[in-house]
Structure formats: C-alpha cells, structure tokens
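Descriptive analysis of the structure
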Amino acid sequence: MSIPLNQTYTFAFDSGDEPTIERLGGKCNSLAIMTSAGMPVPPGFAITTDAFDKVMTETGLGARIAEILVGLDEHDVAEVDRRAAHVRELILTQEIPTDVRDEVVLAYRGLMDRCGDDVAVAVRSSATAEDLPDASFAGQQDTYLWIVGEVNALHKVRECWASLYTARAITYRMANAIPDEGLSMAVAVQKMVNSRSSGVAMTLDPQTGDRTKIVIESSWGLGEMVVSGEVTPDNFLLDKVMLSVVTRAISEKAEELVPSGRGSIVRRPVDDDRRGAPSLSDEELLAVARLAKAAERHYGKPQDIEWAIDADLADGENVLLLQARPETVWSPKSPTNTIAVTSQGSGIAAIAKSMLSSLGIR
C-alpha cells in the first residue's frame, strides 16, 4: 500500500499533481516541488489547508479566535501571552471532523506501509504566510521530531495548527501588518531522517550578500541545534562555481540531538573523538554544496536550505534535502547575480548580524 492519491485533505509529495502554496503552505509546497524535481526528499504527505480551514469554519473556532484577538495591543506582553495561550488551548481541544481525521489516518498508514514499518515521522508546520519575499517566519511555527504512532502524530498536527497563534507569531504578524484573515496552516508528515550530521546551507554569503559563494554549517545529530544557534557548528565557505573550499572552521561541538529509541529525541554530549572532528567529509561537503546549487538553479534565486546525512543510507545516497526557502535578507536588495565581495566570516551570528543591519541596527 502506498500513500493514497491526493484527496481533499491530504497531498502526497510524490503524486505529480500541481502543488500550490494556498493548499500546502510554504514548506509543504517546497517539499512537493523538490520531490517532483527529483531532489532527494524523504517521503511524506501534506495535510492541506483545507483540513485547517474546515476545523476553523465548521466548528466556529475561527470566529471565536477572531473575537479573542480583537483589540489586542501587540506591546502588552502579558495580555498577548494570555490571549495566545487561550487560543492554542481551544485548538488543542477541538475535535477534528471525522472525514478529515479518516483521510489523514489513511495517508499516514500508507506512508507506514511504504516505509515497511511503523517508522518515526517528523510533523512540521507549513503556514501559508511563511517564506514571503519581504518577511521571514523561520522558527515561528512548530516542528516535532521522532513521532511514533498515528495517535501521537494526530496530536502533533493539532499542536502545529496551534503554533500559528503563539505570542511570537501573533505579534510578528501585527508588527508587519500581515492580516490573520485568510491565514491558514498545512502540516507536513515525513519519514524521519536518522541524521548522523545535519545543518544549513545558503547559496550566498549571509554576511556580505556575495552570490559567488556557498556557506555550509554542519554539526553532529539533528540540525535543530544549528538552526537555533545552540551549538557552534562547523563552518565552510565555498566558491560556488569551482566548489573549492575558501575557508573552513571546525568547532568544538559539545552536544548533539539524537533519537532516544523510544520515539523521542535526547540531548547528549558528543564523544571526545568526534567533538573537534569535522562533521562532514570532503565528499559530503561537496554533495551538500551541489544540492544547494541544484535548489538555487531550480528556483532561480538564492536559497537557504536544510539538509541531513542519513546514517541508515549508503554513501552517495545519504545526503537528503529537508527544506528549501528563498533567502530573504540580501536577495531583495539586488537583482544582480553576483556581488564582487569576498566574505571574511559567516555563521548563525553573521546571519543575525546581516538581518539587524538590514533594519538599520548596528
């Protein structure tokens, strides 16, 4: 049994049907496009915005949420927190309509059959407003890893829906004049990657905007610690054309996130022999760079990708693309393909510095 063909409330990433952001949100739309383009994306499906919209409209929940948020002062932190918590509790306790639940369960079981076992999945939010060209919602909505069993997966779907109304997400939309009207949420359900190493790659230098470079950051285990800045990752700056390494900085990577074997993830110290060792071999580094270039070539603009090395797959098949989104700091500033600058640094700190500079903050 394979993942069922696309229906109203689910969309298989490899179905070949035309994806749209309106139905799949930014993340799921990207996953479907990358899958159809032949990129190495883990199998999975989207729970479409039709499911979220039905829950909101058929139950009257959407109207209740609008009433709760009316007149909210984004600067009143305590009141924003209180109302956000109220909204999330309503979503988490709302019954899912039977036809929505049945279709999602059918797709979930199809994915399990395809993988040959009751494997762990990642359940990832995919809002329709994310990855806008003039805004960045990275990290605002929830992702849940190593989820086992359909009951647990369905509960995490609710939590993804609810993350659309965290205090941070609400105030960000208010500050950027992004209306809640028409806002919706899809959810990705994907086979979990057993990440030996993972991280991010950008097809320009985030410190200078130099489009002749690729920056790759890598650490052991799951990539969330890289994305969140909890670990200082290995950092590589490559020439985009020649794929030669311009600079490399191997860090002391003290901790990693790994599967517990009980359907969850745990934080543990990195072994002494790996702590100061490169988390990518030279061959893997080039494979990640090629993957980033392929994503940029496909989308026609600089990309910010998440990737992983799957410990269960053979060399040459183990570099997987988890997500690709448009780079939003430098790309809107210049329509040209290159900026004649050689970077003197990069990394999570550099990305943050670039974002602050774009706002006039030094």
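Fair warning: this is a prediction, and the values are worked out from it, not measured in the lab. (Residues numbered from 1 in each chain as written. Predicted model: local features only at pLDDT ≥ 70, side-chain atom pairs only at ≥ 80, totals over all residues. Heavy atoms only, no water.)

Considerations on the overall build of the protein chain
Rules: Helix and strand assignments come from DSSP, with helices taken as H or I runs of at least 4 residues and strands as E runs of at least 2, each series counted from the N terminus. In this description, contact between two residues means that some pair of their heavy atoms is separated by no more than 4.5 Å. Computed by Shrake-Rupley with a 1.4 Å probe, the accessible areas treat only the displayed protein chains as cover when residues are assessed.
Each helix and strand counted, the protein chain has 11 helices and 13 strands in total. Residue pairs in contact within the protein chain that sit at least 24 positions apart in sequence constitute 68% of those at least 6 positions apart. Carbon together with sulfur atoms contributes 52% to the accessible area of the protein chain, which is approximately 16200 Å² in total.

Considerations on the pairing of strand S7 (residues 213–220)
We apply this condition: Summary of the burial criterion: residues with accessible area below 20% of their type's maximum are buried, those above 50% are exposed, and those between are partly exposed, where the area comes from a 1.4 Å probe applied to protein chains only. Strand pairing is assigned whenever DSSP detects at least two bridges linking the two strands.
Counting buried residues along S7, 8 of its 8 residues qualify, which places the element largely inside the surrounding structure. Note that strand S6 (residues 195–202) and S7 share 6 bridges and pair antiparallel. Residue pairing in the sheet places Ser198 in a bridge with Ser219 of S7. Pairing analysis gives 6 bridges linking S7 to strand S8 (residues 234–239), with the strands arranged antiparallel. From the neighbouring strand, Ile216 faces S8, where its bridge partner is Phe236.

Regarding the sheet that holds strand S2 (residues 44–47)
This is how it is decided: A fitted line through C-alpha atoms serves as each axis, taken over the contacting stretch for helices, and the angle formed by two N-to-C directions is quoted from 0 to 180°.
One open sheet accounts for 5 strands, arranged S1-S2-S5-S3-S4; its pairing is antiparallel. Edge strands, defined here as strands with exactly one partner in the open sheet, are strand S1 (10–12) and strand S4 (143–147). Adjacent strand axes in the sheet meet at a mean angle of 20 degrees when their direction is disregarded. Direction of pairing for strand S3 (residues 121–127) relative to S4: antiparallel, over a ladder of 3 bridges. Across the sheet, Arg124 pairs through a bridge with Thr143, a residue of S4. Seen against the sheet, helix H1 (residues 21–36) touches S1, S2, S3 and strand S5 (185–191) and runs at an angle of roughly 125 degrees to S3.

With respect to the side chain of Glu159
Heads up, the condition is: For the purposes of these results, a polar contact is taken to be a pair of N or O atoms within 3.5 Å, where, inside protein, one atom must be able to donate a hydrogen and its partner to accept one; residues adjacent in sequence count only when each atom of the pair is a side-chain atom.
Assignment of secondary structure puts Glu159 in helix H6 (residues 150–162). Within the structure, the side chain of Glu159 is placed 2.8 Å from the side chain of His155, a separation counted as a polar contact.

Comments concerning the sheet that holds strand S9 (residues 245–249)
An order of S9-S8-S7-S6-S12-S13 is seen for the 6 strands of this open sheet, with the pairing classed as antiparallel. Every interior strand has two partners, whereas the edge strands, S9 and strand S13 (319–326), have only one. The sheet shows a mean angle of 15 degrees between the axes of neighbouring strands, taken without regard to direction. Both strand S12 (residues 303–310) and S13 contribute to a ladder of 7 bridges, which runs antiparallel. Each bridged residue has a counterpart across the sheet, and for Glu306 the counterpart in S13 is Gln323.

Topic: the pairing of S12
Each regular strand shows side chains that alternate between the opposite faces of the sheet. Burial within S12 is extensive, with 8 of its 8 residues counted as buried. Side-chain alternation along S12 places Gln303, Ile305, Trp307 and Ile309 on one buried face and Asp304, Glu306, Ala308 and Asp310 on a second face that is also buried. Here 7 bridges tie S6 to S12, and the two strands are oriented antiparallel to one another. Its bridge partner lying in S12, Ser197 is registered against Ile309.

Things to note about the packing of helix H4 (residues 77–93) against H6
Applicable threshold: Each angle gets one of four labels, with under 35 degrees taken as roughly parallel, over 145 as roughly antiparallel, 65 to 115 as roughly perpendicular, and the rest as oblique. Handedness of a helix crossing follows the sense of rotation of the near helix relative to the far helix, less than a right angle counterclockwise being left-handed and clockwise being right-handed. Three categories are distinguished: nonpolar for Ala, Val, Leu, Ile, Met, Phe, Trp, Tyr, Cys and Pro, charged for Asp, Glu, Lys and Arg, and polar for the others, with Gly belonging to the last.
Where H4 contacts H6, the two axes come as close as 9 Å, and the packing angle between them is 150 degrees. Judged by the inter-axis angle, H4 sits roughly antiparallel to H6. With respect to the hand of their crossing, H4 and H6 are arranged in right-handed fashion. Two secondary-structure elements touch here, H4 through Arg88, Ile91, Leu92 and Thr93 and H6 through Arg158, Glu159, Trp161 and Ala162. Split by residue class, the contact of H4 with H6 holds 4 nonpolar, 1 polar and 3 charged.

Digging into the nonpolar core
Rule in force here: Here, nonpolar core means buried Ala, Val, Leu, Ile, Met, Phe, Trp, Tyr and Cys residues that are tied together by side-chain atoms lying within 4.5 Å of each other.
Of all hydrophobic cores here, the largest spans 45 residues; its most connected members are Ile47, Ile91, Trp161 and Tyr165. Top element by residues in this core is helix H5 (residues 98–115). It accounts for 7 residues. Discounting residues that sit within four places of it in the chain, Tyr165 has contacts with Phe52, Ile65, Leu69, Ala84, Val87, Arg88, Ile91, Ile170, Arg173 and Asp180. Counting 30 residues, the second largest nonpolar core, distinct from the first, contains Phe11, Leu24, Ala188 and Ile305.

Concerning the environment of Asp73
Tracing the backbone through its elements, the reader meets Asp73 in the loop between helix H3 (61–69) and H4. Residue classification places Asp73 among the partly exposed positions, given a relative accessible area of 41%. Through-space distance from the C-alpha of Asp73 to that of Thr171 is 8.9 Å; in sequence the pair is 98 residues apart. A polar atom in the side chain of Asp73 sits 2.9 Å from the backbone nitrogen of His75.

A look at the side chain of Gln303
When you line up the elements, Gln303 lands in strand S12. Accessibility expressed as a relative area gives 1% for Gln303, which makes it buried.

A look at the state of the cysteines
Keep this limit in mind: What counts as a disulfide here is a pair of cysteine sulfur atoms lying within 2.5 Å.
Applying the stated rule across the entire model yields 0 disulfides. Of all cysteine sulfurs in the structure, the one in Cys28 sits closest to Cys160, which takes part in no disulfide; the separation is 9.4 Å. Judged by relative accessible area, Cys160 falls into the buried class, the value being 0%.

Topic: the packing of aromatic side chains
Convention followed: In summary, the pairing rule links any two rings of Phe, Tyr or Trp, Trp by its six-membered ring, whose centres are within 6.5 Å, and it sorts them by plane angle into stacked for under 30 degrees, edge-to-face for over 60 and tilted for everything else. Put simply, a charge is over a ring when the Lys NZ or the Arg CZ is close to the ring centre, within 6 Å, and near the line of the ring normal, within 35 degrees.
For the coordinates displayed, the defined rule picks out 1 aromatic pair. When the ring centre of Tyr165 is taken as reference, the NZ or CZ atom of Arg173 above it lies at 5.4 Å. The ring of Trp220 carries the charged tip of Arg274 above its face, separated from the ring centre by 5.0 Å.

Functional significance is not addressed by these values, which are geometric in nature.
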